[in-house]
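Each chain is listed here by its residues.
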Amino acid sequence: MASALINVPKRAKRGDVVEIRVLTSHIMEPGYRRTAAGDVIPRNIITSFTCRYNGSEIFRADLFPAISANPYLSFFTTATESGTFDFEWIGDNGFSQTASAPITVE
Amino acid sequence: MRTAYAIIALLLAVMHAHATEIPQAQRRSGYSFMSPDSKAMQDDDTSNPGMLWVLDGEAIWNKPVGTANKACADCHGDATASMRGVAARYPAFDEALGRPVDLEQRINLCRTERQQAPALDYESHDLLALTAFIAHQSRGMPIAPVGDPQLAPFLAKGRELFMQRQGQLNLACANCHDDDWDKHLAGSAITQGQPTGYPMYRLEWQTLGSLSRRLRGCITGIRAQAFSYGSPELVELELYLMSRAAGMPVETPAVRP
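Fair warning: this is a prediction, and the values are worked out from it, not measured in the lab.

With that out of the way, let us pick up the overall build of chain A. For chain A, the helix and strand inventory stands at zero helices and eight strands. Taken from N to C terminus, the helices and strands of chain A fall in the order β-β-β-β-β-β-β-β. In terms of overall dimensions, chain A is more spread out than a globule: its C-alpha atoms have a radius of gyration of 16 Å, far above the 13 Å expected for 106 residues. Projected onto the principal axes, the alpha-carbon positions of chain A cover approximately 60 × 20 × 20 Å. For chain A, the proportion of its 106 residues judged to be buried stands at 19%. Within chain A, contacts between residues at least 6 apart in sequence are counted, and of these 58% link residues at least 24 apart.

Printed below as a string of structure tokens:
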């Protein structure tokens, strides 16, 4: 499965507020559903997302069972310097996924 | 003479009963019935979850499989050129089978005959991904049925099925999607049932799904026995729906509520 869709502006002026949008592929099984046989389908969700801007954390979110499959997050930050955004998703069953996107600040 | 008038009156009445098909100028994609939020989700490739499948489909396209150890790309090359417009003219007639096949069936025929790999299950991730990747190459192109005369009897059957009342609710597809598409069913728009964006990401499904899945859902909704995946009836219905939507742009992967 393709890992993630990332939308970060490639360029920004110093001091600009930029929007970052990330979408990752995940089933987000809430753990409350049952199979036709009555067995509980075990919970399998992403529990945490973090975004680092040149190494320092700028955004963190906890995710819960009510969040839809393939969760989409949008948040804002101030463009201060050129560099990289690193994204990390952590979840049940040892799920871990990373992605990154560069930005040039002029 | 009186009998002749009676026959003419009867004919006019019959014609009127069949004159419910949507005029060309009034045809609307399901997209136009959606909220601005859902439209924005489809319009931006980084927020459209269907793009996850398109990207996966591209990887599958280039990966050799089966005992022939061939990838789709080994025969078809660059999909952006070779697959452009293909989804816009499917289902298409298959000479060997003597009947129309939809895109999913064509992919599986290619897999079993050319790649000598096992067929992919309907609604499996890989089949949806490949179908989405191929159909995505036609995005923006008008749906263009080929008008193959061999398809005519199947098209007629599909149309007949669309008009045929069935199930415990005794509804035909046409009763909602030709007659009442400007109304609502509970809070939801009924829509015209134009198959412009398949496979599509349906928010209710929380995943990508094929036109067959959508049709089966609708058939279950009118409390009729749904046709099996890959059944001739579903392909004939798809064929009719595509001819009904001729000229409308392909949106794959669409997002729908």
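Now that the structure has been shown, we can carry on.
Residue and element names in this part refer to chain B. Here the domain parsing of chain B yields domain 1 (26-43 + 146-256) and domain 2 (50-136). When each unit is reduced to the centre of its C-alpha atoms, the spacing between domain 1 and domain 2 is 22 Å. Facing 25 residues of domain 1, the contacting portion of domain 2 comprises 23 residues. For the side of domain 1 that touches domain 2, the elements supplying multiple residues, two or more each, are strand 5 (200-202), strand 6 (207-209), helix 10 (211-221) and helix 11 (232-244). If one sorts the elements of the side of domain 1 that touches domain 2 by residue count, helix 11 sits on top with five residues. Among the residues making up the side of domain 1 that touches domain 2, the classes are represented as 16 nonpolar, six polar and three charged.

Turning our eyes to something else, we now look at the pairing of strand 5 (residues 56-62) of chain A. Residue and element names in this part refer to chain A. With zero of seven residues buried, strand 5 lies mostly on the surface of the structure. Relative to strand 5, strand 4 (residues 46-53) runs antiparallel, the two being bridged by six bridges. Bridging across to strand 5, Phe-49 finds its partner in Ala-61. Counting the residues between successive antiparallel strands, the hairpin from strand 4 to strand 5 contains two residues, one of them, Asn-54, with a positive phi of roughly 50 degrees.

Residue and element names in this part refer to chain B. With 12 residues, helix 7 (residues 125-136) extends 16 Å between its outermost C-alpha atoms, agreeing within 8% with the 16 Å of an ideal straight helix rising 1.5 Å per residue. For helix 7, the buried fraction is high: 10 of the 12 residues fall into the buried class. Of the residues making up helix 7, those classed as buried are Leu-127, Leu-128, Ala-129, Leu-130, Thr-131, Ala-132, Phe-133, Ile-134, Ala-135 and His-136. Next to the buried residues of helix 7 lie helix 3 (50-61), helix 5 (79-82), helix 6 (103-115) and strand 6.

This paragraph deals with the interface of chain A and chain B. By convention, interface size is frequently given as the accessible area that disappears when the constituent parts associate. Of the residues lining the interface, 12 residues belong to chain A; the matching set on chain B comes to nine residues. Elements supplying a minimum of two residues to the side of chain A that touches chain B: strand 1 (4-7) and strand 3 (17-24) of chain A. Looking at the side of chain A that touches chain B element by element, the count peaks at three residues for strand 1 of chain A.

Let us now look at the sheet that holds strand 8 (residues 96-105) of chain A. Strand order in the open sheet formed by five strands is 2-8-7-4-5 (chain A), and the pairing between neighbours is mixed. Edge positions in the sheet fall to strand 2 (11-12) and strand 5 of chain A, since each of these pairs with one other strand and no more.

With that settled, consider the packing of helix 3 of chain B against helix 7 of chain B. Residue and element names in this part refer to chain B. Relative to each other, helix 3 and helix 7 sit at 95 degrees, their axes nearing to 7 Å. Judged by the inter-axis angle, helix 3 sits roughly perpendicular to helix 7. On helix 7, the residues that touch Gly-50, Trp-53, Val-54, Asp-56, Gly-57, Glu-58, Ile-60 and Trp-61 of helix 3 are Asp-126, Leu-128, Ala-129, Leu-130, Ala-132, Phe-133 and His-136. Its residues assigned to classes, the contact of helix 3 with helix 7 shows nine nonpolar, three polar and three charged.

Turning our attention to the nonpolar core. One finds Trp-53, Ala-87, Ala-132, Phe-133, Ile-134 and Ala-135 of chain B to be the most contacted residues of the largest nonpolar core, which totals 54 residues. The dominant element in this core, judged by the number of residues it contributes, is helix 7 of chain B, at eight residues. Two domains each put at least three residues into this core: domain 1 (26-43 + 146-256) and domain 2 (50-136) of chain B. The contact partners of Ala-135 of chain B, leaving out residues within four places of it in the chain, are Ala-87, Leu-103, Tyr-198, Pro-199, Val-250 and Thr-252 of chain B. If you look at the next biggest cluster of nonpolar residues, it comprises five residues, including Met-28, Ile-45, Phe-49 and Trp-89 of chain A.

The rules behind the values
Residues numbered from 1 in each chain as written. Chains lettered and ligands numbered in written order. Predicted model: local features only at pLDDT ≥ 70, side-chain atom pairs only at ≥ 80, totals over all residues. Helix = DSSP H or I, 4+ residues; strand = E, 2+ residues; numbered from the N terminus. Rg over C-alpha atoms; globule rule 2.2 N^0.38 Å. Buried ≥ 20, exposed ≤ 12 C-beta atoms within 10 Å, placed from the backbone. Contact = placed C-beta atoms within 7 Å. Domains from an automatic or database assignment. Nonpolar A, V, L, I, M, F, W, Y, C, P; charged D, E, K, R; others polar. Pairing = 2+ DSSP bridges. Expected span 1.5 Å × (residues − 1). Axes fitted to C-alpha atoms, helices over the stretch in contact; angles between N-to-C directions. Parallel < 35°, antiparallel > 145°, perpendicular 65-115°, else oblique. Core = buried A, V, L, I, M, F, W, Y, C linked by C-beta atoms within 7 Å.

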